[in-house]
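The primary structure of each chain is shown beneath.
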Amino acid sequence: MDRAEDGMWWYRALHANLVDAWTRAERIDGAILDAGCGTGGLLRALAALEPARVRVGLDREPRAARRAADKGGAPTVVGDVAELPFGDARFAAVFSADVLYHRDVDARRALAETFRCLRPGGLVLVNVPAFDWLASYHDRRVHGARRFTRGQLHALLREAGFVPLAVRYWNSLLFPVMVARRLRPAGADAASDVEPPPRWLDRTLGAICRLERALGALGVRWPAGGSLLAVARK
């Protein structure tokens with residue numbers, strides 16, 4: 001993951017979509033938490049946007065947390081997203097990038113903890129994979145246990161007490177390619193898709209994602225996609 005998020009179109013698109021959503025939202029003052037920060041790529045992207053805002057990372061894997069502190073230039077702690085080691089109303093925003101679908105994460109408890117740690121008016125920004133029928137060799141390799149529809153994610157946020165502001169599909173222009181790749185037969189030892197492709201292909205896929213983001217900025221919304229991004233307020 002550390003290697004891939006520095007040189008792979010998917011991570012650039014994921015971080016860019018989350019940053020876009022944060023930029024468009026009505027924000028309040030205070031610190032940001034990346035809950036499930038991995039190796040720190042999103043923390044670094046957020047630093048470029050708002051260098052003066054305090055950022056904090058959390059991950060259950062100590063090696064990832066140490067790497068995120070170096071890469072993201074932010075303090076990180078080792079902990080569980082379903083039992084956050086922070087006081088009530090500590091953060092202005094909590095980011096959750098492809099964490100709630102993990103087999104070892106209780107999504108409801110994680111969102112309840114997020115709600116507790118957010119200040120009134122604070123935002124949660126959630127990205128998750130879409131559609132259970134797309135579960136494949138990739139999900140097995142990265143320990144994914146569940147994927148979501150727009151309605152399911154919307155309901156989960158409301159159940160936790162949030163007011164959803166936007167829940168939308170993305171990675172939509174490439175969705176047919178993703179479906180064809182993920183649903184092909186694959187052995188039990190098949191590797192995940194977290195691997196930088198050849199440079200020409202990375203540039204092509206990255207350009208398609210930038211085109212989709214530009215269309216999204218103009219108001220285009222897609223009926224389906226490989227991922228879901230939600231913004232909700234406490």
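Now for a description of the structure that goes with this document. (Residues numbered from 1 in each chain as written. Predicted model: local features only at pLDDT ≥ 70, side-chain atom pairs only at ≥ 80, totals over all residues. Heavy atoms only, no water.)

Considering the pattern of salt bridges
Then, in step 1: If you walk through the whole model with that rule in mind, you get ten salt bridges.
Then, in step 2: Linking D2 and K71 is a salt bridge whose minimum nitrogen-to-oxygen distance equals 2.6 Å. Of this pair, D2 sits in helix α1 (residues 2–7) while K71 sits in helix α4 (residues 62–72), placing them 69 residues apart in sequence.
Then, in step 3: What makes D2 partly exposed here is its relative accessible area of 28%.
Then, in step 4: According to the relative accessible area criterion, K71 is buried, its value standing at 8%.
Then, in step 5: The salt bridge partner of R63 is E61, with a shortest N-O separation of 2.9 Å.
Then, in step 6: Overall, R63 belongs to the exposed group, its relative accessible area being 60%.
Then, in step 7: E61 sits in the partly exposed class, given a relative accessible area of 29%. (Salt bridge = Lys/Arg side-chain N within 4 Å of Asp/Glu carboxyl O. Helix = DSSP H or I, 4+ residues; strand = E, 2+ residues; numbered from the N terminus. Buried < 20%, exposed > 50% of the residue type's maximum accessible area, 1.4 Å probe, protein only.)

Brief notes about the sheet that holds strand β6 (residues 163–170)
Then, in step 1: Taking strand neighbours across the sheet as the criterion, the seven strands line up as β3-β2-β1-β4-β5-β7-β6 in an open arrangement whose pairing is mixed. Each of the sheet's edge strands pairs with one partner strand only, and the pair in question is β3 (76–78) and β6. Direction aside, the axes of adjacent strands within the sheet are offset by 15 degrees on average.
Then, in step 2: Pairing analysis gives six bridges linking strand β4 (residues 91–97) to strand β5 (residues 118–129), with the strands arranged parallel. Residue pairing in the sheet places V94 in a bridge with V124 of β5.
Then, in step 3: Strands β4 and β5 of the sheet are contacted by helix α5 (residues 107–117), whose axis makes an angle of about 150 degrees with β5.
Then, in step 4: Lying on the sheet, helix α7 (residues 150–159) is in contact with β5, β6 and β7 (227–233); it crosses β6 at an angle near 155 degrees. (Pairing = 2+ DSSP bridges. Axes fitted to C-alpha atoms, helices over the stretch in contact; angles between N-to-C directions. Contact = heavy atoms within 4.5 Å.)

Here we look at the environment of G73
Then, in step 1: The topology assignment puts G73 in the loop between α4 and β3.
Then, in step 2: Accessibility expressed as a relative area gives 54% for G73, which makes it exposed.
Then, in step 3: For the pair formed by G73 and G57, sequence separation is 16 residues and the distance between their alpha carbons is 9.8 Å.
Then, in step 4: Look past the residues within four positions of G73 in its chain and what remains in contact with it is R55 and A68.

Don't take any of this as a statement about function, it's just geometry.
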